[in-house]
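Chain and residue survey
The primary structure of each chain is shown beneath.
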Amino acid sequence: MRAELIHCITYHYDAQISLSEHRLCMRPRGHGHQHLIDYQLNISPQPCHSHELVAASGDAIRRVRFQNTTDELRFEACSRVETTTSAPLLKCLDGREPLLPYPRGRLNPDLQGALEGWLPNGQHDPSAVALAQDALMGTNQQALPFLKQLIEMIQDRVKYTQRHQGAAWPAGRTLRERVGSCRDLAMLMVECCRSIGLPARFVSGYHLANPAPESYDLHAWAEIYLPGAGWRGFDPSAGGETTDRYIVLASSSRPDLTAAITGSFSGPASTQSHLSWTIQATVEDNTNQPENKTALIQAA
């Protein structure tokens, strides 16, 4: 699949303010099953300093600094991306699927951050541990049946809803509320997988579904590391493994490090900021027929 994306994010302030350094995760991943053909980022006001770096996850992020005051901050990311379909997991694993719970000692130490718990003491949420144990039942301790059953249980126990603001909820709150956004469900799956030894990380990006929805928004899902297959995407909101219609912007063991824009401002007391954004996507499938030319979301 090939896609052209225009992602605009605008902050309006009701007074002249000064901007802190901002961290941007708006550049699509350019390796693995995703090829970045072209990328341009326009920022207004013009930063006094800008540099790109490779994050711990291997994704490209940008840091920018500003000098003068402003009452508006605008980012426009224009991308052309090509994705390919991953090899089937059964063929990748070829009968060598590890039994669960997976022993940490057999994993590459680089994966340690994708195994840690989220409670203050570094432990896993007890409710996530319980859900993971429920999902293990009847799977013969095999990873793929476990992941399938886990997603089914998440969809059965948690009602999906949109929530545009706020951090991803911890697993315990999502299960207690029985409702959650895509990022809440992604974090629940991440925590469950980690509790039985499967490295997992949080992913932010776009899901260009077919047929196209009325509007596009940023989406979140989980990537699970399966020895022999590597990092593979699973979307508990959609109910299965990700496809070539998912475009990754950023991934991390911590969801806050995948936010499209991170930064702050200083100004007169009680200064308010107002966020708006639009996402336009033009998709070209394998038959080279363009679709979704006018797909657009706009929110206040």
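Described in the following lines is the structure provided in the data block. Please read these numbers as outputs of a predicted model, since none were measured by experiment. (Residues numbered from 1 in each chain as written. Predicted model: local features only at pLDDT ≥ 70, side-chain atom pairs only at ≥ 80, totals over all residues. Heavy atoms only, no water.)

1. Thoughts on the overall build of the protein chain
Looking only at helices and strands, one finds five helices and 17 strands in the protein chain. Rg of the C-alpha trace for the protein chain: 20 Å, near the compact-globule value of 19 Å for 300 residues, within the 12% margin. C-alpha extents for the protein chain along the principal axes are approximately 60 × 50 × 35 Å. Split into buried and exposed, the 300 residues of the protein chain put 47% on the buried side. Of the roughly 14,800 Å² of accessible surface on the protein chain, a fraction of 47% belongs to carbon and sulfur atoms. Taking the average place of the 27 positive charges on the side chains of the protein chain and the average place of its 31 negative ones, the gap between the two points comes to 4 Å. (Helix = DSSP H or I, 4+ residues; strand = E, 2+ residues; numbered from the N terminus. Rg over C-alpha atoms; globule rule 2.2 N^0.38 Å. Buried < 20%, exposed > 50% of the residue type's maximum accessible area, 1.4 Å probe, protein only. Areas by Shrake-Rupley, 256 points an atom, 1.4 Å probe, with all protein chains shown as cover. Lys, Arg positive; Asp, Glu negative; His and termini not counted. Charge placed at Lys NZ, Arg CZ, Asp CG, Glu CD.)

2. Observations regarding the pairing of strand E11 (residues 230-235)
Of all the six residues making up E11, five are buried; the element is thus mostly covered by neighbouring parts of the structure. Pairing of strand E10 (residues 218-226) with E11, which is carried by five bridges, proceeds in the antiparallel orientation. Across the sheet, Ile224 pairs through a bridge with Arg232, a residue of E11. Hairpin remark: E10 followed by E11, antiparallel, with three residues in the connecting loop; positive phi at Gly228, about 100 degrees. Judged from the two bridges that link them, E11 and strand E12 (residues 240-241) form a sheet pairing that is antiparallel. Counterpart to Phe234 in the pairing with E12 is Glu241. (Pairing = 2+ DSSP bridges.)

3. Structural notes on the nonpolar core
Nonpolar side chains in soluble globular proteins tend to be buried together. Residues Phe146, Leu147, Met189, Ile224 and Leu226 are the most contacted members of the largest nonpolar core, which totals 38 residues. Those elements that place two or more of their residues in this core are helix H1 (89-93), helix H2 (126-136), helix H3 (143-157), helix H4 (171-177), helix H5 (182-195) and E10. The element contributing the most residues to this core is H3, with eight residues. When residues no more than four places from it in sequence are discounted, the contact partners of Leu226 are Leu89, Ala143, Leu144, Leu147, Leu198 and Phe234. (Core = buried A, V, L, I, M, F, W, Y, C linked by side-chain atoms within 4.5 Å. Contact = heavy atoms within 4.5 Å.)

4. Points about the state of the cysteines
Counted according to the given criterion, the structure contains zero disulfides. Here Cys25 is not cross-linked by a disulfide; its sulfur's nearest cysteine counterpart is in Cys182, at 16 Å. For Cys25, a relative accessible area of 1% puts it in the buried group. Cys193 carries a free sulfur, and the closest cysteine sulfur to it, the one in Cys192, is 6.9 Å from it. On the accessibility criterion, Cys193 (0% relative accessible area) is buried. (Disulfide = S-S within 2.5 Å.)

5. Here's the deal with the packing of aromatic side chains
With the rule as written, the count across this model stands at three aromatic pairs. Centre to centre, the rings of Tyr225 and Trp231 are 5.4 Å apart; their planes meet at 70 degrees, and the pair counts as edge-to-face. The partly exposed category is assigned to Trp231, whose relative accessible area is 25%. Seen from the ring of Trp169, Arg173 lies directly overhead, with NZ or CZ sitting 4.0 Å from the centre. Sitting over the face of the ring of Trp231, Arg201 holds its NZ or CZ atom 4.0 Å from the ring centroid. (Phe/Tyr/Trp six-rings, centres within 6.5 Å; stacked < 30°, edge-to-face > 60°. Lys NZ or Arg CZ within 6 Å of the ring centre and 35° of its normal.)

6. Some details on the sheet that holds strand E14 (residues 261-262)
Strand order in the open sheet made by the four strands is E4-E5-E2-E14, with antiparallel pairing throughout. Pairing within the sheet leaves two strands with one partner each, and these edge strands are strand E4 (49-54) and E14.

7. Describing the side chain of Arg23
For Arg23, the location among the structural elements is in strand E2 (residues 22-24). Among buried Asp, Glu, Lys and Arg side chains, Arg23 stands out as unpaired, with Asp256 the closest opposite charge at 7.5 Å. (Salt bridge = Lys/Arg side-chain N within 4 Å of Asp/Glu carboxyl O.)

8. A look at the packing of H3 against H5
At a minimum axis distance of 11 Å, the contact between H3 and H5 shows a crossing angle of 140 degrees. Looking at the two axes, H3 sits oblique to H5. The two elements H3 and H5 meet at a crossing, and its hand is right-handed. The residues of H5 that touch H3, namely those facing Phe146, Leu147, Leu150, Ile151 and Ile154, are Leu185, Leu188, Met189, Cys192 and Cys193. For the contact of H3 with H5, the per-class residue count stands at 10 nonpolar, no polar and no charged. (Axes fitted to C-alpha atoms, helices over the stretch in contact; angles between N-to-C directions. Parallel < 35°, antiparallel > 145°, perpendicular 65-115°, else oblique. Left-handed = near helix turned anticlockwise from the far one by under 90°. Nonpolar A, V, L, I, M, F, W, Y, C, P; charged D, E, K, R; others polar.)

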